[in-house]
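Okay, here's what each chain looks like letter by letter:
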Amino acid sequence: GVARFQYSGGNDYEVIRVESLGNNDAHIGFFADGDTNYYGGFGIDYSDAGKFKLQTDNLFVGGSNLMTWDRDGKVGINNTGPTVNLDVYNGSGWGGIDIDGTSGGELRFQKAGTNYGQIYGNDSSGFVINALSGLEELSLQAGSTLLLYLKKSTETVLIRQGKLKTSITNAIIKKSCNFSNGVANQKVDFYIAP
């Protein structure tokens, strides 16, 4: 069946309220009864500082926590104690976030709405780190030829299969070195002259 709730009292109050009495959870549970039974639920977990949770059970103590919204606005995915605005955790391997769009994927870094840089990738540009609205850029493109671009304004440095090319002249990296295994803080200096 279908349940309909109509309310015309304005936007300042909820249409439906789930209220617990005393120090108890305010929780809604779901049960799909079939050949395999599925449970789910969400609500306020009173015993965990009033966090809002989405779970794979109809009780907070019985299922796996999928998402947690903390009272201070932090969100955890598979994490009941998020410490940053979005905290993603995988307890059995790599944690990951896919950013997928028809033009590519992009992650932007802003301060008070002003864009100060982004990381993005697509089939035409490769993997790009951009800073200060495109004035500085690091680009890695892979295909039949591996290309690494370093660019600031109109000056470009291109590394292509071990050869270095700048907007002024060409140079070849000739220095070779062998690092010892298990020794920390090893380095090699490259001096490039026209």
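Residues numbered from 1 in each chain as written. Predicted model: local features only at pLDDT ≥ 70, side-chain atom pairs only at ≥ 80, totals over all residues. Heavy atoms only, no water.

So, the overall build of the chain
Then comes step 1: A tally of helices and strands in the chain yields 0 helices and 14 strands.
Then comes step 2: Its helices and strands taken in sequence order, the chain reads β-β-β-β-β-β-β-β-β-β-β-β-β-β from the N to the C terminus.
Then comes step 3: Out of the 194 residues belonging to the chain, those deemed buried represent 17%.
Then comes step 4: Surface summary for the chain: the accessible area is close to 15,300 Å², and the carbon and sulfur share equals 51%. (Helix = DSSP H or I, 4+ residues; strand = E, 2+ residues; numbered from the N terminus. Buried < 20%, exposed > 50% of the residue type's maximum accessible area, 1.4 Å probe, protein only. Areas by Shrake-Rupley, 256 points an atom, 1.4 Å probe, with all protein chains shown as cover.)

Points about unusual backbone geometry
Then comes step 1: Of note in this structure, A49 is not a glycine but carries a positive phi near 60°.
Then comes step 2: Within the fold, A49 resides in the loop between β2 (38-45) and β3 (51-55).
Then comes step 3: Assessed through its relative accessible area of 58%, A49 is described here as exposed.

Side note on the pairing of strand β1 (residues 26-32)
For a regular strand, the rule is simple: side chains alternate between the two faces of the sheet.
Then comes step 1: Sheet analysis places β1 next to β2, joined by 7 bridges and oriented antiparallel. Residue pairing in the sheet places I28 in a bridge with F42 of β2. (Pairing = 2+ DSSP bridges.)

Topic: the pairing of β2
Then comes step 1: Counting the residues between successive antiparallel strands, the hairpin from β1 to β2 contains 5 residues.
Then comes step 2: Two elements, β2 and β3, share 5 bridges in a ladder whose sense is antiparallel. When the sheet's bridge partners are listed, G41 is paired in β3 with Q55.
Then comes step 3: What sits between β2 and β3 in their antiparallel hairpin is a turn of 5 residues, with A49 showing a positive phi close to 60°.

Comments concerning the pattern of salt bridges
Then comes step 1: Under the criterion given, the structure shown has 5 salt bridges.
Then comes step 2: Here K53 and D48 are joined by a salt bridge, their closest N and O atoms 2.8 Å apart.
Then comes step 3: Among the residues examined, K53 registers a relative accessible area of 5% and is labelled buried.
Then comes step 4: One salt-bridge network, in which partners are shared between bridges, spans D45, D48, K51 and K53. (Salt bridge = Lys/Arg side-chain N within 4 Å of Asp/Glu carboxyl O.)

A look at the sheet that holds β1
Strands pair in a sheet through their backbones, by hydrogen bonds, and they do so in one of two ways: parallel or antiparallel.
Then comes step 1: If you trace the 6 strands from one edge of the open sheet to the other, you get β1-β2-β3-β4-β5-β6, paired in mixed fashion. The sheet is open, and its two edges are formed by β1 and β6 (86-88), each paired on a single side. Recorded for the sheet is a direction-independent mean angle of 10° between the axes of neighbouring strands.
Then comes step 2: Both β3 and strand β4 (residues 65-69) contribute to a ladder of 4 bridges, which runs antiparallel. Note on β4: the bridge partner recorded for Q55 is N65. (Axes fitted to C-alpha atoms, helices over the stretch in contact; angles between N-to-C directions.)

What to know about the environment of K53
Then comes step 1: Here K53 lies in strand β3.
Then comes step 2: Along the primary structure K53 and V75 are separated by 22 residues, whereas in three dimensions their C-alpha atoms are 9.8 Å apart.
Then comes step 3: Once you skip the residues sitting within four places of it in the chain, K53 turns out to touch G41, F42, G43, D45, D48, F60, N65, M67, T68, W69 and T80.
Then comes step 4: Separated by 2.9 Å, the side chains of K53 and D45 make a polar contact.
Then comes step 5: Of the polar contacts made by the side chain of K53, one reaches the side chain of D48; its length is 2.8 Å. (Contact = heavy atoms within 4.5 Å. Polar contact = N/O pair within 3.5 Å; in protein donor to acceptor, adjacent residues only side chain to side chain.)

Focus: the confidence of the model for the chain
Then comes step 1: Within the chain, residue pLDDT values average 79, and 72% of them lie at 70 or more.
Then comes step 2: Per-element confidence in the chain ranges from a low mean pLDDT of 47 for strand β14 (residues 170-172) to a high of 96 for strand β5 (residues 75-77).
Then comes step 3: For residues 170-175, every residue scores under 50 in pLDDT, and the model assigns this stretch 12 contacts once sequence neighbours within four places are set aside. (pLDDT = per-residue confidence, 0-100.)

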